[in-house]
Amino acid sequence: MVETTRTPSVTPTTFGRVTVLVADNGGVLPYGNSVVVRGSERTLVIDPSLALGPDTVTADLVFLSHGHEDHIAGLRHFDAPTYAHHLDVAAVSSLDAMVAQFGLPAPVRDEVVRNLHEEYGIPPRRDGVIGVADGHVFELGDVTATVVHLPGHTPGHCGVLVEPDGFFYVGDIDLTSFGPMYGDVHSSADDFLTSIDRAAATEARWYGTFHQKGVISGADEFRERLGEYRAKLFERERRLLEFLDEPRTLAEIVAHRLVYRPHVSEPYVEPIEQRVAEQHLERLVEAGDVAASPEGTFARTV
């Protein structure tokens, strides 16, 4: 896990009545770029990251795009009503539930729980998180912030559309060259693709991501980058098809690596690789491009 004994500073960048608190490392994991929406009556903070200190910003409301540690680490600095999509409330409310979705072996899971508690300041339990659904509107006065359900990364992953400013925060549809991440126990590549399409169809002036890419100006630029990001998912599928030029077991596919480069040896790699491989195999078998044998091997049919 990443050592987090130093809290980096943040640089506020303003887009209408939205302020993005950009971590000084550009929002690279484990840090991220939190969003502050200031209305005439209330202030909403979205995804308080590890980069925030106790006096960085105040909030009347907090919304979490989903239940991952890098998006909720700064929540300890806020005493305000806290919201998340109802499908991710359990992961936000319970550290054990959050880590369980990673699908790690028991000894590793216990170590991760300890690390997230000690280094990220995430408590074992957080009571009172309020579940909301797609379309929920936070009325902030002269500004509204509407929840947009964008599942796939997690079941309850959401964006937030701020109007009338036209700022669309898309969370972990982060446009990085790494590509979409759908390696949790309840992640879905198919849902992720649907969410990418929904994000592309949403008109806005600015599009904000939690990680490195930050804020993209203009729908055309956003859609171009989103298309490149989307293509990474299909590139993994293409490489899998190439590897299935002869029958392969799931273990061989996992070892071949669809997501991470060969030199990455962290304990989370194998569980993620297996879940990603399983999802792509299911998609390809259903499409008729891959056949599964009774012996448990897979080979392409095209």
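The sections below set out a description of the structure shown in this document.

What counts, and at which threshold
- Residues numbered from 1 in each chain as written.
- Predicted model: local features only at pLDDT ≥ 70, side-chain atom pairs only at ≥ 80, totals over all residues.
- Heavy atoms only, no water.
- Pairing = 2+ DSSP bridges.
- Helix = DSSP H or I, 4+ residues; strand = E, 2+ residues; numbered from the N terminus.
- Phe/Tyr/Trp six-rings, centres within 6.5 Å; stacked < 30°, edge-to-face > 60°.
- Buried < 20%, exposed > 50% of the residue type's maximum accessible area, 1.4 Å probe, protein only.
- Contact = heavy atoms within 4.5 Å.
- Axes fitted to C-alpha atoms, helices over the stretch in contact; angles between N-to-C directions.
- Parallel < 35°, antiparallel > 145°, perpendicular 65-115°, else oblique.
- Nonpolar A, V, L, I, M, F, W, Y, C, P; charged D, E, K, R; others polar.
- Core = buried A, V, L, I, M, F, W, Y, C linked by side-chain atoms within 4.5 Å.

1. What to know about the pairing of strand E6 (residues 82-85)
Here comes step 1: Relative to E6, strand E5 (residues 61-64) runs parallel, the two sharing three bridges. Across the sheet, Leu-64 pairs through a bridge with Ala-84, a residue of E6.

2. What to know about the packing of aromatic side chains
Here comes step 1: Using the criterion set out here, one finds 10 aromatic pairs in the structure.
Here comes step 2: Ring geometry for Tyr-83 against Phe-138: centres 5.1 Å apart, planes inclined by 80 degrees, an arrangement best described as edge-to-face. Here Phe-138 lies in strand E8 (residues 137-139) and Tyr-83 lies in strand E6, a separation of 55 residues in the sequence.
Here comes step 3: The rings of Phe-15, Phe-167 and Trp-206 are connected pair by pair, giving a single aromatic cluster.

3. Side note on the pairing of strand E1 (residues 10-15)
Here comes step 1: Alignment of E1 against strand E2 (residues 18-23), held across six bridges, turns out to be antiparallel. In the strand pairing of E2, Pro-12 is matched with Leu-21.
Here comes step 2: Between the antiparallel neighbours E1 and E2 lie two residues, among them Gly-16 with a positive phi of about 65 degrees.

4. A word on the environment of Ile-130
Here comes step 1: Within the element layout of this structure, Ile-130 appears in strand E7 (residues 130-132).
Here comes step 2: Residue classification places Ile-130 among the partly exposed residues on the basis of a relative accessible area of 34%.
Here comes step 3: The sequence separation of Ile-130 and Val-10 amounts to 120 residues, and the corresponding C-alpha distance is 28 Å.
Here comes step 4: Contact partners of Ile-130, with chain neighbours within four places excluded, come to Thr-82, Tyr-83, Ala-84 and Val-89.

5. Overview of the sheet that holds E6
Here comes step 1: Spatially, the seven strands line up as an open sheet ordered E1-E2-E3-E4-E5-E6-E7, and their pairing is mixed. The open sheet has two edge strands with one neighbour each: E1 and E7. Pairwise comparison of adjacent strand axes, ignoring direction, gives a mean angle of 25 degrees for this sheet.

6. Side note on unusual backbone geometry
Here comes step 1: Along the chain, Leu-29 connects to Pro-30 via a cis peptide bond; the corresponding omega equals 10 degrees.
Here comes step 2: The topology assignment puts Pro-30 in the loop between E2 and strand E3 (34-38).
Here comes step 3: With an omega dihedral of 10 degrees, the bond running from Glu-163 to Pro-164 counts as a cis peptide bond.
Here comes step 4: Turning to its location among the elements, Pro-164 is positioned in the loop between strand E10 (158-163) and strand E11 (167-169).
Here comes step 5: In the Ramachandran plot, Arg-257 falls in the positive-phi region, its phi being about 75 degrees despite a non-glycine side chain.
Here comes step 6: Mapped onto the elements, Arg-257 comes out in the loop between helix H7 (250-256) and helix H8 (269-287).
Here comes step 7: Arg-257 gets classed as buried once you look at its relative accessible area, which sits at 17%.

7. Looking at the packing of helix H6 (residues 219-243) against H8
Here comes step 1: At a minimum axis separation of 10 Å, H6 and H8 run at an interaxial angle of 75 degrees. As far as their axial angle goes, H8 and H6 are roughly perpendicular. Contacts between H6 and H8 involve Leu-233, Phe-234, Arg-236, Glu-237, Leu-240 and Leu-241 on the former and, on the latter, His-280, Leu-281, Arg-283 and Leu-284.
Here comes step 2: Within the contact of H6 with H8, the residues separate by chemical class into six nonpolar, one polar and three charged.

8. Observations regarding the nonpolar core
Here comes step 1: Core analysis: the biggest nonpolar cluster contains 39 residues, and Phe-168, Ile-173, Phe-222, Leu-226 and Ile-253 have the highest contact counts within it.
Here comes step 2: Every element with two or more residues in this core is listed here: helix H5 (189-200), H6 and H8.
Here comes step 3: Broken down by element, this core gets its largest block of residues, eight residues, from H6.
Here comes step 4: Ignoring anything within four residues of it in the chain, the contact list for Phe-222 reads Val-170, Leu-175, Ala-199, Ala-200, Tyr-207 and Ile-216.
Here comes step 5: Counting 34 residues, the second-largest nonpolar core is a separate cluster that includes Val-92, Leu-104, Val-108 and Leu-116.

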